[in-house]
Amino acid sequence: MSLHTQYLESFLRSQFYMLRMDGPLPLPYRHYIAIMKLVKTGENNWSLPELVHAVVLLAHYHALASFVFGSGINPERNPEISNGFRLISVNNFCVCDLANDNNIENASLTGSSFGIVDSLSELEALMERMKRLQEDREDEEASQEEMTTRFEKEKKESLFVVSGDTFHSFPHSDFEDEIIVTSDVSRYIEDPGFGYEDFARRGEEHLPTFRAQDYTWENHGFSLVNRLYSDIGHLLDEKFRMVYNLTYNTMATHEDVDTTTLRRALFNYVHCMFGIRYDDYDYGEVNQLLERSLKVYIKTVTCYPERTTKRMYDSYWRQFKHSEKVHVNLLLMEARMQAELLYALRAITRHLT
């Protein structure tokens, strides 16, 4: 995160406030929730402010897990090392080298085994698609009916995007040596099998849709969370706006690039995977800007972060700098957190009314 200092300041302010400043929950409860990401082990009766505080903590640490694992730093078990863990190394390239903001494709995974286009032509093709989208938008806007159809199509397709454990965009053998054996924490968890489930079953004709215009962060979630947990709304809002608008107007070696469409596609695709739709957004942009291998990475990071490996991180946008990929993960993290908050806060609002 230190590669993006503006965002880091905002992130640390909000995290410090959640854990250390005045709030409905006692300090030990906050840290327990942060570690275990459970509320069902607490007291049976929660006040609404306590519940909102707990929801914010849960959403924060669920999303933070996506960022941490998404950066490809998942440890592997190694019985030869005293602490039992080692950092993943691929082709003699260790993730500790990522501290320097270098183009990592030169040091790691540029072999032909990935079966994808050359990273340079991949970059040029992406920039061309961004340019074409901008020109098409200026010429003619899609109708509401067309945008609804495109969202429904993207939403259904997201159900068929397979997570990283079956990373089908590449030969399975490429990832067989990256199976990660994590430490057994089942004894600390009441339901070890609990995890992400798609918001709808495959094959369903009418998939549920959360219309963002009916319950937005800006008009509804922000005011509710601020009323029940003073000032946290301002800190979260600052963080969401910071990452959404963060740009250096660069893409790899190219400068003076407007990355708005790409940032918006990444953020909105995460929400689309959770069934959230923006009426004023054309989801055709998602399909044009995010290739399938990137969608697999996004779904793995946001829904099954523990399955993310270093190789997955390296395999997309190989021409991009490490800081730019970190920027992608920040967008995914905040989109993931906001999606979770929208569902939770909408449920609390309905309870109040």
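Treat the numbers as computed from the prediction; the structure is a model and nothing was measured.

## Comments concerning the overall build of the protein chain
1) Next: Scanning the protein chain for helices and strands turns up 13 helices and 8 strands.
2) Next: When each of the 353 residues of the protein chain is scored for burial, the buried share is 49%.
3) Next: Partitioning the intrachain contacts of the protein chain with sequence separation of at least 6 by distance along the chain shows that 75% fall at a separation of at least 24.
4) Next: A total of about 17300 Å² of accessible surface is found on the protein chain, and carbon and sulfur atoms cover 50% of it.

## Considerations on the packing of helix α1 (residues 5-20) against helix α8 (residues 232-245)
1) Next: Running from N to C, α1 and α8 cross one another at 155 degrees; their axes reach a closest spacing of 9 Å. It follows that α1 is roughly antiparallel to α8 by the angle criterion. In terms of crossing hand, the pair formed by α1 and α8 is left-handed. Facing Gln 6, Tyr 7, Ser 10, Phe 11, Arg 13, Ser 14, Tyr 17 and Met 18 of α1, the residues of α8 in contact are Ile 232, Leu 235, Leu 236, Glu 238, Lys 239, Met 242 and Val 243.
2) Next: Within the contact of α1 with α8, the residues separate by chemical class into 9 nonpolar, 3 polar and 3 charged.

## Brief notes about the pattern of salt bridges
1) Next: Tallied over the full model, the rule gives 9 salt bridges.
2) Next: Its salt-bridge partner being Glu 285, residue Arg 264 comes within 3.6 Å of it at the nearest N-O pair. A residue pair is termed long-range when its members are at least 10 positions apart, and Arg 264 in helix α9 (residues 260-273) and Glu 285 in helix α10 (residues 284-289) qualify at 21 residues.

## Observations regarding the side chain of His 4
1) Next: Position of His 4 among the secondary structure elements: in the segment before α1.
2) Next: Exposure remark for His 4: the relative accessible area of 1% places this residue in the buried category.
3) Next: Side-chain polar atoms of His 4 contact the side chain of Tyr 248, separated by 2.8 Å.
4) Next: Not counting residues within four places of it along the chain, the set of residues in contact with His 4 comprises Leu 246, Tyr 248, Ser 323, Val 326, His 327 and Leu 330.

## Some details on the packing of helix α7 (residues 217-228) against α8
1) Next: Two elements in contact, α7 and α8, have axes whose closest approach is 7 Å; the angle formed by their N-to-C orientations is 145 degrees. Every residue of α8 that contacts α7 at Trp 217, Glu 218, Phe 222, Val 225 and Asn 226 is listed here: Ile 232, Gly 233, His 234, Leu 236, Asp 237, Phe 240 and Arg 241.
2) Next: A breakdown of the residues in the contact of α7 with α8 according to their chemical character gives 6 nonpolar, 3 polar and 3 charged.

## A closer look at the confidence of the model for the protein chain
1) Next: With 71% of its residues at a pLDDT of 70 or more, the protein chain has an overall mean of 78.
2) Next: Between residues 77-117, whose pLDDT stays under 50, and residues either more than four places distant or in other chains, the model counts 81 contacts.
3) Next: Throughout residues 167-183 the model reports pLDDT below 50, and contacts reaching past four residues in sequence, or to other chains, amount to 45 contacts.

## Focus: unusual backbone geometry
1) Next: Backbone geometry places Asp 231, a non-glycine residue, at a positive phi of 75 degrees.
2) Next: Residue Asp 231 is classed as partly exposed on the basis of its relative accessible area of 40%.
3) Next: Positive phi, normally seen in glycine, also occurs at Asp 256, with a value near 55 degrees.
4) Next: Within the element layout of this structure, Asp 256 appears in the loop between β7 (254-255) and α9.

## Describing the packing of aromatic side chains
Any two aromatic rings considered together are summarised by their centre-to-centre distance and by the angle between their planes.
1) Next: Per the counting criterion, the structure on display carries 12 aromatic pairs.
2) Next: On the numbers, 6.1 Å between centres and 35 degrees between planes, the contact of Tyr 7 with Phe 11 is tilted. Placement of the pair is Tyr 7 and Phe 11 together in helix α1, with a separation of 4 residues, close to one helical turn. Across the pair, exposure class does not vary: Tyr 7 and Phe 11 are buried alike.
3) Next: Across from the ring centre of Tyr 304, 4.1 Å away, lies the NZ or CZ of Arg 307, which sits over that ring.
4) Next: Note that Lys 325 overlies the ring of Tyr 316, its terminal NZ or CZ placed 4.4 Å from the centroid.

## Points about the nonpolar core
1) Next: Judged by nonpolar contacts, the single largest core of 84 residues is most densely connected at Val 56, Leu 290 and Leu 341.
2) Next: Per-element tally for this core: the top contributor is helix α13 (residues 322-352), with 13 residues.
3) Next: Those residues in contact with Leu 341, other than ones at most four positions away along the chain, are Val 55, Val 56, Ala 59, Trp 217, Leu 236, Phe 240 and Arg 346.

## Points about α7
1) Next: Along α7, the positions that sit buried rather than exposed are Trp 217, Gly 221, Leu 224, Val 225, Asn 226 and Leu 228.
2) Next: Close packing links the buried residues of α7 with α3 (48-70), α8 and α13.
3) Next: N-cap assignment for α7: the residue whose side-chain oxygen lies 2.9 Å from the backbone N of Asn 219 is Thr 216.

Each value, and the rule that gives it
- Residues numbered from 1 in each chain as written.
- Predicted model: local features only at pLDDT ≥ 70, side-chain atom pairs only at ≥ 80, totals over all residues.
- Heavy atoms only, no water.
- Helix = DSSP H or I, 4+ residues; strand = E, 2+ residues; numbered from the N terminus.
- Buried < 20%, exposed > 50% of the residue type's maximum accessible area, 1.4 Å probe, protein only.
- Contact = heavy atoms within 4.5 Å.
- Areas by Shrake-Rupley, 256 points an atom, 1.4 Å probe, with all protein chains shown as cover.
- Axes fitted to C-alpha atoms, helices over the stretch in contact; angles between N-to-C directions.
- Parallel < 35°, antiparallel > 145°, perpendicular 65-115°, else oblique.
- Left-handed = near helix turned anticlockwise from the far one by under 90°.
- Nonpolar A, V, L, I, M, F, W, Y, C, P; charged D, E, K, R; others polar.
- Salt bridge = Lys/Arg side-chain N within 4 Å of Asp/Glu carboxyl O.
- Polar contact = N/O pair within 3.5 Å; in protein donor to acceptor, adjacent residues only side chain to side chain.
- pLDDT = per-residue confidence, 0-100.
- Phe/Tyr/Trp six-rings, centres within 6.5 Å; stacked < 30°, edge-to-face > 60°.
- Lys NZ or Arg CZ within 6 Å of the ring centre and 35° of its normal.
- Core = buried A, V, L, I, M, F, W, Y, C linked by side-chain atoms within 4.5 Å.

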